[in-house]
Amino acid sequence: MTIERMNELISILNEANYNYHVLDNPTITDQEYDNYLRDLIMIEEKHPEWKREDSPTVRVGGEVITGFNKVTHSIPMLSLGNVFNEDEIIAFDEKVKKIVPNPKYVCELKIDGLSVSLLYKDGKLVKGATRGDGVTGEDITHNVKTIQSIPLTLKEKVDIEVRGEIYMSKKSFQKVNEERLQAHESTFANPRNAAAGSVRQLDSTIASKRNLDCLIYHLPNPDDYDILTHKDALSYMKKLGFVTNHQNNKLVSNIKGVLSYIAYYTEHRMELPYEIDGVVIKVNTISEQQKLGFTARTPKWATAYKFPATEVLTKLVDIHFTVGRTGQVTPNAVLEPVFLMGSRISRATLHNEDYVIQKEIKIGDIVSIRKAGDVIPEVVEVKKERRTGEEIDFVMAKECPICHEKLIRKENEAAYYCVNNKCPAKKIEALIHYTSRYAMNIEGFGESIVEDFYNMGYLLDYPDFYKLEQYQDELKELEGFGNKSIYNLMYAIEKSKQNSLERLLFALGIRYVGSKNAKILASHFGNMDALMGASYEELVAIRDIGEIIAKSVYEFFKNDYNQFIIQELKSFGVNMEYLGKVILDDNFSNKTFVLTGSLDKITREKAKEEIESRGGKTSSSVSGKTSVVIVGKDPGSKYNKAKELGILIWNENEFLEKL
Ligand code: IVH
């Protein structure tokens, strides 16, 4: 336990952090990181007098302040002007071109978080402050120090101020809200509120647990470092150890480039791990920025293109209950129809009773509705100030809306369940799920066909799909069907018998077994018999299979009826083996692939599957470790990065040839 060992541990951990967050290239395992950290904590506890300001142990929080001190920004923290459509973007460009004739722009993602100013003296973090009113912000240093992607020490001993955005990833947001629901606390409406709520805490332990992130995008004093362009400022800040969004930032030579950047991210924003609300456009050359100058509140050399709203207000006119395949009964809002992100919305999920109670949702409320990707819209917030007094309190259903069996609320769960195994609603949902894309992928079965076949008695459980061919002639006579559609259905059913085991496991609707866990189980056991024979201890010993999942899987296979169904499926020739065994192929094995741009002839998911089945790995970002970048149409910045790093590039056809 020497001071040298402490210094060495700090270097190892800071370096590991830098490799992980800045270079996107982890060099040690989580386990190793935790072990080093534990050793460091031990030394610091024994020798508090040795403790350094830049020790990674400050990330765990614990500092409690009594109030927020005011911080005056040396250069005001400006906001950005907004543009909302192509005409306004072009008008912005025209205005710029009146002062600088040939501007190059840097396009960046507009991260939906809160802006922060970070001050370093001699390479050490000394202050973190919010924007406040732009002139005066609040000192949030204690919380900023807990954010892993904000360096405590820079790679050079410089005095510098940088600015960026503190945000919460979609994954952390979901986790925080799930934990809050469990603890009967109110949930955050969006990741921005969650991030802002976390940095406004006096006790830094809270922020340290929220898994916040930070991306740096602005250097207010470029002249002090002889920096001539914004792009160079970003590179310099990255070199110092900051996380800049280098994978997604793009230098373009004209406004056309800006428009295609916007088009690309309008389509792909849902794939990003964090929420963005637009694209920021900045003139690249600093001297040109200076020529353009500022208005009172915003720079004239930059603007923000804002995506159309993802939230709208409407009236919640009623609450209906639906039964899912696991029997979970979900309250759903019936809405006055509104248009949001191109579709008409008249329903939104309310998740469960706790959600409605915590958000204090009443029938008749004006609510804000949000749509995140292809996820079902949800009610985020009630506009209580719009209440008239006529609103009606919500009462959770006590019985199944379909079979009227009494609902059960399981211990430690927010959801109510219909436990009647014969409940038709549950069965229809389960059958629909069985046919779905990531389950048995039986094309041609829309929800209504499954429901009709169920009601006519052709389709009561999974094995009945494989009995349908016996009724082909009757089915062809049904209204809306003909030779061709029945032939197609039979073909799709037959084809599904060849699916690899993980699809069947997912299709069976075992609680907590989504497609990811299904794959883990299938590849671990190799076939259905081995899985069915597994003990609880064997299941729980598998990496990524926790106690709850193990218990659910074990109980599912112990059930006589489930065993009978699996035997039936087997007797119809449904494959019970895992087919995803890796067959090593020199073109792919031990190599890391990155896909960019849109592929015409193969889906991304399939492409990844093909690579993995040949022993290759896929990654979402290009680094020195990438072996090949597969480039489709309109590739993103990953393509440029690959060229810069001299990484092997395949176009779609070359990739398909290799397959
Ligand atoms: S540049 C003078 N770049 O958007 C430069 N801002 O609506 C000012 N934001 O207050 C900021 N991502 O909180 C810039 N890549 C980005 C950004 C970004 C998000 C936020 C920032 C700013 C707000 C303006």
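Residues numbered from 1 in each chain as written. Predicted model: local features only at pLDDT ≥ 70, side-chain atom pairs only at ≥ 80, totals over all residues. Heavy atoms only, no water.

Close contacts around the ligand come from 15 residues, with Glu-108, Ile-111, Glu-165, Tyr-217 and Lys-282 the closest. For the ligand, whose accessible area on its own is 530 Å², the fraction buried by protein is 90%. Counting residues per element, the ones that place at least two in the shell around the ligand are strand 3 (105–111), strand 8 (212–218) and strand 10 (276–283). When residues in the shell around the ligand are grouped by element, the largest group, four residues, is from strand 3. Of the residues belonging to the shell around the ligand, the class tally is eight nonpolar, three polar and four charged. (Near = heavy atom within 4 Å. Areas by Shrake-Rupley, 256 points an atom, 1.4 Å probe, with all protein chains shown as cover. Helix = DSSP H or I, 4+ residues; strand = E, 2+ residues; numbered from the N terminus. Nonpolar A, V, L, I, M, F, W, Y, C, P; charged D, E, K, R; others polar.)

With that settled, consider the environment of Ile-545. In this structure, Ile-545 sits in the loop between helix 19 (536–540) and helix 20 (547–558). When its relative accessible area of 4% is taken as the criterion, Ile-545 is described as buried. Separated by 28 residues in sequence, Ile-545 and Asn-517 place their C-alpha atoms 7.5 Å apart. For Ile-545, the contacting residues outside a window of four places in its chain are Asn-517, Ile-520, Leu-521, Leu-539, Val-540 and Ala-550. (Buried < 20%, exposed > 50% of the residue type's maximum accessible area, 1.4 Å probe, protein only. Contact = heavy atoms within 4.5 Å.)

What follows concerns the packing of helix 3 (residues 86–99) against helix 9 (residues 255–268). When two helices pack together, their arrangement is captured by the angle between the axes and the distance separating the axes. One can describe the packing of helix 3 onto helix 9 by two numbers: an axis separation of 10 Å at closest approach and a directional angle of 145°. Crossing hand, helix 3 versus helix 9: right-handed. Contacts between helix 3 and helix 9 pair Glu-86, Ile-89 and Asp-93 from the former with Ile-255, Val-258, Leu-259 and Ile-262 from the latter. Counted by class, the contact of helix 3 with helix 9 contains five nonpolar, no polar and two charged residues. (Axes fitted to C-alpha atoms, helices over the stretch in contact; angles between N-to-C directions. Left-handed = near helix turned anticlockwise from the far one by under 90°.)

Here the structure, examined in full by the defined rule, presents 23 aromatic pairs. Ring centres 5.3 Å apart and planes at 10° place the aromatic pair Tyr-434 and Phe-465 in the stacked group. Of the two residues, Tyr-434 sits in helix 12 (residues 424–435) while Phe-465 sits in the loop between helix 13 (447–455) and helix 14 (472–477), which places them 31 residues apart along the sequence. There is no split in this pair, since Tyr-434 and Phe-465 are both buried. Following the ring pairs from residue to residue traces out a cluster consisting of Tyr-434, Phe-445, Phe-453, Tyr-458, Tyr-462, Phe-465, Tyr-471 and Phe-481. A cation over an aromatic ring shows up here: Lys-410 above the ring of Tyr-417, its NZ or CZ 4.4 Å from the ring centre. Directly above the ring of Tyr-462 sits Lys-427, whose terminal nitrogen or CZ lies 5.3 Å from the centroid. (Phe/Tyr/Trp six-rings, centres within 6.5 Å; stacked < 30°, edge-to-face > 60°. Lys NZ or Arg CZ within 6 Å of the ring centre and 35° of its normal.)

To continue, consider the packing of helix 1 (residues 3–21) against helix 2 (residues 30–46). One can describe the packing of helix 1 onto helix 2 by two numbers: an axis separation of 10 Å at closest approach and a directional angle of 145°. For helix 1 against helix 2, the interelement crossing comes out left-handed. Across from Arg-5, Met-6, Leu-9, Ile-10, Ile-12, Leu-13, Ala-16 and Asn-17 in helix 1, the residues of helix 2 making contact are Tyr-33, Tyr-36, Leu-37, Asp-39, Leu-40, Ile-43 and Glu-44.

If you trace the four strands from one edge of the open sheet to the other, you get 20-19-21-22, paired in parallel fashion. Among the strands making up the open sheet, the edge pair consists of strand 20 (617–619) and strand 22 (648–651). Neighbouring strand axes in the sheet, compared pairwise and without regard to direction, differ in orientation by 30° on average. Alignment of strand 21 (residues 628–631) against strand 22, held across four bridges, turns out to be parallel. For Val-628, the partnering residue across the bridge sits in strand 22 and is Leu-648. (Pairing = 2+ DSSP bridges.)

Counting buried residues in strand 11 (residues 302–306) gives four out of five residues, a clear majority hidden from the surface. In the sheet, strand 10 pairs with strand 11 via five bridges, with the strands oriented antiparallel. Residue pairing across strands places Val-279 opposite Tyr-305, the latter belonging to strand 11.

Inspection of the secondary structure puts Gln-358 in helix 11 (residues 353–358). Classification of Gln-358 as buried rests on a relative accessible area of 17%. The residues contacting Gln-358, other than those within four sequence positions of it, are Leu-181, His-184, Glu-185 and Ser-186.

Going through the model one piece at a time under the given rule, you end up with 34 salt bridges. Where Lys-127 meets Asp-139, a salt bridge forms, and the shortest distance between an N and an O atom there is 4.0 Å. One end of the pair, Lys-127, is in strand 5 (residues 124–130); the other, Asp-139, is in the loop between strand 6 (136–138) and helix 4 (141–144), and 12 residues separate them in sequence. In this structure, Lys-467 and Asp-464 form a salt bridge, with 3.2 Å as the shortest nitrogen-oxygen distance. Of the residues examined, Lys-467 reaches a relative accessible area of 23% and is grouped as partly exposed. On the basis of relative accessibility, which here comes to 12%, the residue Asp-464 falls in the buried class. (Salt bridge = Lys/Arg side-chain N within 4 Å of Asp/Glu carboxyl O.)

As paired strands, strand 12 (residues 311–323) and strand 13 (residues 328–340) are joined by seven bridges and run antiparallel to one another. Pairing of Phe-321 across the sheet is with Pro-331, part of strand 13. Taken together, strand 12 and the strand that follows it, strand 13, pair antiparallel across an intervening segment of four residues, in which Gly-327 is found at a positive phi of about 90°. Judged from the two bridges that link them, strand 13 and strand 18 (residues 416–418) form a sheet pairing that is antiparallel. Paired with Val-329 across the two strands is Tyr-416, which belongs to strand 18. Note: strand 13 against strand 14 (residues 343–349), six bridges, orientation antiparallel. Bridged to Ala-333 within strand 14 is Ala-348.

This part takes up unusual backbone geometry. For Asp-226, which is not glycine, the phi dihedral falls at a positive 55°. When you line up the elements, Asp-226 lands in the loop between strand 8 and helix 8 (230–240). Judged by its relative accessible area of 68%, Asp-226 is exposed. Positive phi, close to 55°, is recorded for Glu-360, a residue that is not glycine. Assignment of secondary structure puts Glu-360 in the loop between helix 11 and strand 15 (366–370). Note on Glu-360: relative accessible area 43%, which makes it partly exposed.

Right, let's talk about a negative patch on the surface for a bit. A cluster of acidic residues, Glu-429, Glu-447, Glu-451 and Asp-452, forms a negative patch on the protein surface. In terms of residue count, helix 13 provides more of the negative patch than any other element does, three residues in total. Position of Glu-447 among the secondary structure elements: in helix 13. Residue Glu-447 is classed as exposed on the basis of its relative accessible area of 56%. (Patch = residues over 30% accessible without salt bridge, like charges linked within 9 Å, V, L, I, M, F, W, Y side chains within 5 Å. Lys, Arg positive; Asp, Glu negative; His and termini not counted. Charge placed at Lys NZ, Arg CZ, Asp CG, Glu CD.)

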